[in-house]
Amino acid sequence: QVQLVESGGGLVQPGGSLRLSCAASGIMFRSINVMGWYRQSPGKERELVASITSGGSTNYADSVKGRFTITRDNAKATVDLQMNSLEPEDTAVYYCKVIVALKGSYWGQGTQVTVSS
């Protein structure tokens, strides 16, 4: 059974940093095509924050470019999101997502990130 476990959310002041981690289990790491982070704030649709392919190609939302960095460890089937210079607008529930060859997409349960003074 595929399972994604996220960690690292919390409360941080504007300008601060957080690191989110997502560990995938029940999947052979070499079958994971894309790993990514999405976020959803109240009243808004879920949006892509950043993604990374098995080859290391990355994609970022314009709003986080230069502030967030996504990395993955294929051997451990983990994907991390380093978030720097956080802004109140970054407040949301952050979700991990993986796309697995021949199986489809899987989502984590979400972790709350709150940026507030």
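In the block above lies the structure referred to throughout.
About the thresholds
Residues numbered from 1 in each chain as written. Predicted model: local features only at pLDDT ≥ 70, side-chain atom pairs only at ≥ 80, totals over all residues. Heavy atoms only, no water. Disulfide = S-S within 2.5 Å. Helix = DSSP H or I, 4+ residues; strand = E, 2+ residues; numbered from the N terminus. Buried < 20%, exposed > 50% of the residue type's maximum accessible area, 1.4 Å probe, protein only.

1. Some points on the state of the cysteines
A covalent bond between the sulfur atoms of two cysteines is referred to as a disulfide.
Point 1. Tallied over the full model, the rule gives one disulfide.
Point 2. Note that Cys22 is cross-linked by a disulfide to Cys96, the S-S spacing being 2.1 Å. The disulfide joining Cys22 to Cys96 has a torsion of about -80 degrees about its S-S bond and is therefore left-handed. Taken as a pair, Cys22 in strand β3 (residues 18-25) and Cys96 in strand β9 (residues 92-100) lie far apart in primary sequence, 74 residues in all.

2. Remarks on unusual backbone geometry
Point 1. Its identity is not glycine, yet Ala77 carries a phi of approximately 55 degrees, on the positive side.
Point 2. Among the structural elements, Ala77 can be located in the loop between β7 (68-73) and β8 (78-83).
Point 3. For Ser85, which is not glycine, the phi torsion reads 50 degrees and is therefore positive.
Point 4. Counting through the fold element by element, Ser85 comes out in the loop between β8 and β9.
Point 5. Residue class for Ser85 comes out partly exposed when judged on its relative accessible area of 40%.

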